[in-house]
Structure formats: C-alpha cells, structure tokens
Amino acid sequence: MQCQVPAQPEPLAVDFRRSALLIIDMQRDFLEPHGFGAALGNDVSLLGRAVAPCKAMLEGARAAGILVLHTREGHRPDLSDAPKTKIERGAPERRIGVAGPMGRILVRGEAGHGIIADLQPLPSEPVIDKPGKGAFYQTDLELLLRNRGIDTLLIAGVTTEVCVHSTVREANDRGFRCLVLGDACASYHPEFHEVGLRMIAAQGAIFGWVTTTEAVLAALSDSQAARPAAPVETVAEVESA
Ligand code: TIU
C-alpha cells in the first residue's frame, strides 16, 4: 500500500513493504571520543543528536516488519582492503590501523569499529562491512536489496556529507529511491549537514527526498491503520469446509 510521506522537495509515495531502513556507520569510532572521527580532528559530540531519531526509526521499522540493514566502515586487520591513499591521511599516530583507546582505528573486530550500544543490530539484521564511504562499493548490499524486492531506502546515519551522501548517490544511480531522514543524520560540520541535505533534494530530488523521522513514523502508523483486515471466514464457508 502506497503512503504519502511529507518530504522535500515534494511528498513521496512510499510502499513500506518494498522499503528498507539503512542505518549508516553509527559506530563507536565515529560517535565516541578517541576514535577515527576524533583522530581526524572532529568534535564527535556533534553526532550525538542523530542517535535518538535513529533509535526511534529502528524501533518503528522493527515493529512494522521493515527490513533493517546496518553498515560499518572499516578494514581487514592487515589493511589489505584499504587504499594506501586512505591510510596515509592525517597525523601518523592516529591513522587507520593505529592502536587507539578503542582498539585499532577503523579495523574490523576492534571495539571502536562496533555499532554504538543504543543501535545494536539484531542477529536477523544484515550488517554490511564496507571498505569505502559508499555502502554499495565492494559490498553485497545491492544483491540483498534486489533479492528482497526493495525499491526505496529510508536512510539514516553519519556523516551526512560523507558516507550518507556517497551511499545516497550510489543508490540513486542504481535506481533506488532514497528518503533521507534528516534529523537521524548528523555531521561534524553542522553547515555541511544542512547544505548536504539541501543538495540531495535540490533540482527536483536530484539524489533523493529529505524528510524527518517523525514524518516517516506517522506515515508508517497511518499505513498500518489503513491495512485491510484479514478476510473473515463466513459461517457458510466454515461449515462447507
Ligand atoms: N569523516 C567523516 O565525516 N566521515 C567518515 O569518514 N565516514 C563516514 O561518514 N561514515
């Protein structure tokens, strides 16, 4: 059933049965002190504002039976999947692979690479480990979505102008409709967050649509209320069975 979700630049008709929630890189390395985000010189506390909206959307999606996928940016312990140009960025003592307070920075299996406690994936929810900023680059995300008949992505996570943007652009080019939950995304640079969201919705939704968690949850609730009740067997049908 199609449901209108208020959004920029215009309302979007969404069929929640063909939609998935994609939560991008809500990892300790980006949100907590001493991880990769901090190593790059950022104030990681600025990302905290996205946690409550992400959690509300996660709970709403789970309750409605919407497919939820999580992504994590990070690399193999031997860093063989990390381009030299990515490793060599930033101060030498705080680069990818270097030991930090939460383990080796942005390395799979280390504490900092994990998803924050508030948004822990359920065992049934796919976790996409990605070596790049975009979630489609060198991952099986597209295969998982196509096999489930998904055509619309509800997108949340960090950071707005980096991994969220890269993923929205990749998804848009692959024919997925992206509905970005602006309040469930965040950036170390509030101005980049604002402009990043505007860039997505500009030019008649050049990359996608931008909305709020509240608007999606309200539309989801409406769509469930409007769902036709299961057919009730008549007495005649029961007796003839
Ligand atoms: N630095 C920054 O803003 N972001 C990243 O490096 N990765 C993600 O956005 N996940």
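As a reminder, the structure under discussion sits directly above these lines.
Residues numbered from 1 in each chain as written. Predicted model: local features only at pLDDT ≥ 70, side-chain atom pairs only at ≥ 80, totals over all residues. Heavy atoms only, no water.

Please clarify how unusual backbone geometry should be interpreted in this entry.
Of the consecutive residues Gln8 and Pro9, the connecting peptide bond is found in the cis state with omega at 5 degrees. Within the element layout of this structure, Pro9 appears in the loop between strand E1 (2-5) and strand E2 (12-15). A cis amide bond links Val158 with the next residue in sequence, Thr159, at an omega value of -15 degrees. Relative to the helices and strands, Thr159 is located in the loop between strand E8 (152-158) and helix H6 (160-173). In this structure, Ala205 is a non-glycine residue whose phi angle is positive, near 70 degrees. Relative to the assigned elements, Ala205 resides in helix H7 (residues 190-205). (Helix = DSSP H or I, 4+ residues; strand = E, 2+ residues; numbered from the N terminus.)

Explain the side chain of Asp25 here, please?
Looking at the secondary structure, you find Asp25 in the loop between strand E3 (19-24) and helix H1 (28-31). Of note is the side chain of Asp25, whose polar atom sits 2.7 Å from the side chain of Thr71. Among the polar contacts listed, one links the side chain of Asp25 to the backbone nitrogen of Glu73, at a separation of 3.4 Å. Beyond its immediate stretch of four places on either side in the chain, Asp25 contacts Phe30, Leu31, Thr71, Arg72, Glu73, Lys130, Val158 and Cys163. (Polar contact = N/O pair within 3.5 Å; in protein donor to acceptor, adjacent residues only side chain to side chain. Contact = heavy atoms within 4.5 Å.)

Explain helix H3 (residues 51-64) here, please?
Residue pairs spaced three or four apart in an α-helix point in one direction, given the helix's 3.6 residues per turn. With 14 residues, H3 should cover 20 Å at 1.5 Å per step; its first-to-last C-alpha distance of 20 Å lies within 8% of that length. When H3 is considered as a whole, its buried residues turn out to be Val51, Pro53, Cys54, Met57, Leu58, Gly60, Ala61 and Ala64. Tucked inside the fold, the buried residues of H3 contact E3, H1, strand E4 (67-73), E8, strand E9 (177-186) and helix H8 (213-225). Backbone geometry just downstream of H3 places Gly65 in the positive-phi region, at approximately 75 degrees. (Expected span 1.5 Å × (residues − 1). Buried < 20%, exposed > 50% of the residue type's maximum accessible area, 1.4 Å probe, protein only.)

Just to check I follow, could you spell out the pattern of salt bridges for this structure?
Any two side chains of opposite charge can pair, given that their charged atoms come close. Scanning all chains against the criterion turns up 13 salt bridges. Salt-bridge contacts for Arg18 lead to Asp151; the nearest nitrogen and oxygen are separated by 3.1 Å. With Arg18 in the loop between E2 and E3 and Asp151 in the loop between helix H5 (141-147) and E8, the pair connects residues that are 133 residues apart, well separated along the chain. For Asp151, a relative accessible area of 26% translates into the label partly exposed. Note that Lys55 and Asp118 form a salt bridge whose closest N and O atoms lie 4.0 Å from each other. (Salt bridge = Lys/Arg side-chain N within 4 Å of Asp/Glu carboxyl O.)

How should I be thinking about the site of the ligand in this particular structure?
Around the ligand sit Asp25, Phe30, Phe36, Leu40, Glu73, Lys133, Val158, Thr159, Val162, Cys163 and Tyr188, and those are all the residues in its vicinity. Residue Lys133 places a side-chain N or O atom 2.9 Å away from an oxygen atom belonging to the ligand. Within the backbone of Val158, a nitrogen or oxygen atom sits 3.2 Å from a nitrogen atom of the ligand. In isolation the ligand offers 280 Å² of accessible surface; the protein chains occlude 93% of this area. Class assignment for the residues of the shell around the ligand results in seven nonpolar, one polar and three charged. (Near = heavy atom within 4 Å. Areas by Shrake-Rupley, 256 points an atom, 1.4 Å probe, with all protein chains shown as cover. Nonpolar A, V, L, I, M, F, W, Y, C, P; charged D, E, K, R; others polar.)

It is not clear to me how the pairing of E2 should be interpreted in this structure. Could you clarify?
Alignment of E1 against E2, held across four bridges, turns out to be antiparallel. Bridging from a neighbouring strand, Gln4 pairs with Ala13 of E2. Between E1 and E2, which pair antiparallel in sequence order, lie six residues. (Pairing = 2+ DSSP bridges.)

Explanation requested: the packing of H3 against H8 in the structure shown.
A pair of packed helices is characterised by two quantities: the angle between their axes and the separation of those axes. The contact between H3 and H8 brings their axes to 10 Å, and the two run at 15 degrees. For the element pair H3 / H8, the angle class is roughly parallel. The hand of the H3/H8 crossing is left-handed. Facing Pro53, Ala56, Met57, Gly60, Ala63 and Ala64 of H3, the residues of H8 in contact are Thr213, Val216, Leu217, Leu220 and Gln224. Here the contact of H3 with H8 is composed, by residue class, of eight nonpolar, three polar and no charged. (Axes fitted to C-alpha atoms, helices over the stretch in contact; angles between N-to-C directions. Parallel < 35°, antiparallel > 145°, perpendicular 65-115°, else oblique. Left-handed = near helix turned anticlockwise from the far one by under 90°.)

Just to check I follow, could you spell out the pairing of E9 for this structure?
In summary, the side chains of a regular strand alternate between the two faces of the sheet. By the criterion of burial, E9 is predominantly enclosed, with eight of the ten residues buried. As defined by bridge partners, E8 adjoins E9 across six bridges and the pair is classed as parallel. For Ile155, the partnering residue across the bridge sits in E9 and is Val180. Viewed along the sheet, the connection from E8 through H6 into E9 turns out right-handed. (Right-handed = clockwise from strand over helix to strand, strands pointing away.)

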